[in-house]
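For reference, the chains in residue letters:
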Amino acid sequence: MKKEMTLQAPATGFERASECVKPVSRLLLLPLAWLAAYYGAVLGRRVTLRQTLHLVHVQTALLFAVFPADCPLLLRGVCCAWLVSALLWCRRAMAGGAR
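Quick caveat: nothing in here was measured; it's all calculated off a predicted structure.

1. What about the overall build of the protein?
Next up, step 1: What the protein contains, in helices and strands, is 3 helices and 0 strands.
Next up, step 2: Helices and strands in the protein line up, N terminus first, as α-α-α.
Next up, step 3: Carbon and sulfur atoms provide 69% of the accessible area of the protein, an area that totals close to 8200 Å².

2. Overview of the environment of Tyr39
Next up, step 1: In this fold, Tyr39 is placed in helix 1 (residues 13-43).
Next up, step 2: For Tyr39, a relative accessible area of 9% translates into the label buried.
Next up, step 3: For the pair Tyr39 and Gln51, spaced 12 residues apart in the sequence, the C-alpha separation amounts to 9.5 Å.

3. A look at the packing of helix 2 (residues 49-66) against helix 3 (residues 73-95)
Next up, step 1: Where helix 2 meets helix 3, the axes come as close as 8 Å, and the angle between the chain directions of the two elements is 160°. Considering their axes alone, helix 2 and helix 3 lie roughly antiparallel with respect to each other. Here helix 2 and helix 3 pass one another in a crossing that is left-handed. Judged by residue contacts, Gln51, His54, Leu55, His57, Val58, Thr60, Ala61, Leu62, Phe64, Ala65 and Val66 of helix 2 engage Arg76, Cys79, Cys80, Trp82, Leu83, Ala86, Leu87, Trp89, Cys90, Ala93 and Met94 from helix 3.
Next up, step 2: A class-by-class count of the residues in the contact of helix 2 with helix 3 yields 17 nonpolar, 4 polar and 1 charged.

4. A short note on the packing of aromatic side chains
Next up, step 1: All told, the structure shown has 2 aromatic pairs when counted by the stated rule.
Next up, step 2: With 6.0 Å between their ring centres and 45° between their planes, Tyr38 and Tyr39 make a pair best called tilted.
Next up, step 3: For Tyr38, a relative accessible area of 51% corresponds to the exposed category.
Next up, step 4: Where Phe64 meets Trp82, the ring centres are 5.7 Å apart and the plane angle is 50°; that geometry is what we call tilted. Of this pair, Phe64 sits in helix 2 while Trp82 sits in helix 3; the two residues are 18 residues apart in sequence, bridging distant segments of the chain.
Next up, step 5: With a relative accessible area of 42%, Phe64 lands in the partly exposed category.

5. Digging into the nonpolar core
Next up, step 1: Membership of the largest hydrophobic core is limited to 11 residues, which are Tyr39, Val47, Leu55, Val58, Ala61, Ala65, Cys79, Leu83, Ala86, Cys90 and Met94.
Next up, step 2: Of all elements in the fold, only helix 2 and helix 3 reach the threshold of two or more residues within this core.
Next up, step 3: Element by element, the count of residues in this core is highest for helix 3, at 5 residues.

Each value, and the rule that gives it
Residues numbered from 1 in each chain as written. Predicted model: local features only at pLDDT ≥ 70, side-chain atom pairs only at ≥ 80, totals over all residues. Heavy atoms only, no water. Helix = DSSP H or I, 4+ residues; strand = E, 2+ residues; numbered from the N terminus. Areas by Shrake-Rupley, 256 points an atom, 1.4 Å probe, with all protein chains shown as cover. Buried < 20%, exposed > 50% of the residue type's maximum accessible area, 1.4 Å probe, protein only. Axes fitted to C-alpha atoms, helices over the stretch in contact; angles between N-to-C directions. Parallel < 35°, antiparallel > 145°, perpendicular 65-115°, else oblique. Left-handed = near helix turned anticlockwise from the far one by under 90°. Contact = heavy atoms within 4.5 Å. Nonpolar A, V, L, I, M, F, W, Y, C, P; charged D, E, K, R; others polar. Phe/Tyr/Trp six-rings, centres within 6.5 Å; stacked < 30°, edge-to-face > 60°. Core = buried A, V, L, I, M, F, W, Y, C linked by side-chain atoms within 4.5 Å.

Encoded structure:
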């Protein structure tokens, strides 16, 4: 007859920390989920959190490209390049090609 005994190891600090981080991360992602739901309603399709981040990135780039009216021409060119880059990344993400 084989005798087996199971021992319970106490939780490590990492396991306890990860249990504390899960509710905090859910709480921080909640506004992003609401924004994804809003974008989904506006676009008429399901929008993932990653696609939502791309859309927010494009909006931020647009803000920096349009609003600084009295900035140097070089800085405006950099902001416009950032906007074009963000638009291309967002286009790929919305098409489902970005990972």
